[in-house]
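# Summary of the model geometry
These are the residues of each chain, in order.
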Amino acid sequence: MNKRLAVAFTGPSNSGKTTLILKVARKLIHERGKRVAIIKHDPSDKARFDVVGKDSYKFSDTGAEVIVTSPTRTTYFSKQNKDLDEMIRLFNDFDILLVEGLKYLPLPRISIFRERLDSDYFPYMNALAIDDSINTADYDVPENVDILDLNDCEDVISWILKNAKEV
């Protein structure tokens, strides 16, 4: 079996999580020939499927296999919430798993912010993807957190390939 890697993304609404995941997935699939799977957490249980413009549609449109999970369901021919191992078994065949949300999963995590940081995310992050709207000197960012350029997809992919968890 090939080595399979997993990494998670977290951050507040409208920080750019979906946009970054889409860019990373497209590059990994179309430029590097990787098989990508995506899990999206839906904490409000409001996701709708096959609707143009919605995140699930955008993720699927990259060519990736997609699971959207919420507190009341996991959408992948299932009506039950699944733990990470169960979701990984559903995908079965992938090289890289990208997880949006689910900050309590034991995965290396990239937190995404624009304009300002929220220190509540610090305990859950291994890397911080930001743009030039944030000056990290204004915050007490933990020393062990890597700083990534939110607008440099190759920078993010390099971090993923180096730090993602083997699953």
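One structure accompanies this document, and this report is about it.

With that settled, consider the packing of helix α1 (residues 17-30) against helix α4 (residues 153-163). Where α1 meets α4, the axes come as close as 10 Å, and the angle between the chain directions of the two elements is 75 degrees. If you check the angle between α1 and α4, you find them roughly perpendicular. Across the interface between the two elements, L20, K23, V24, K27 and L28 from α1 touch C153, E154, V156, I157 and I160 from α4. The residue inventory of the contact of α1 with α4, partitioned by class, reads seven nonpolar, no polar and three charged.

This part covers unusual backbone geometry. If you check the backbone angles, N14 has positive phi at about 65 degrees while not being a glycine. Within the secondary structure layout, N14 lies in the loop between β1 (5-10) and α1. Phi is positive for E115, close to 75 degrees, though the residue is something other than glycine. Here E115 is to be found in the loop between β6 (109-113) and β7 (127-130). Taking relative accessible area as the criterion, E115 reaches 60% and is therefore assigned exposed.

Rules behind the numbers
Residues numbered from 1 in each chain as written. Predicted model: local features only at pLDDT ≥ 70, side-chain atom pairs only at ≥ 80, totals over all residues. Heavy atoms only, no water. Axes fitted to C-alpha atoms, helices over the stretch in contact; angles between N-to-C directions. Helix = DSSP H or I, 4+ residues; strand = E, 2+ residues; numbered from the N terminus. Parallel < 35°, antiparallel > 145°, perpendicular 65-115°, else oblique. Contact = heavy atoms within 4.5 Å. Nonpolar A, V, L, I, M, F, W, Y, C, P; charged D, E, K, R; others polar. Buried < 20%, exposed > 50% of the residue type's maximum accessible area, 1.4 Å probe, protein only.

All quantities given are derived from atomic positions and should not be read as evidence of function.
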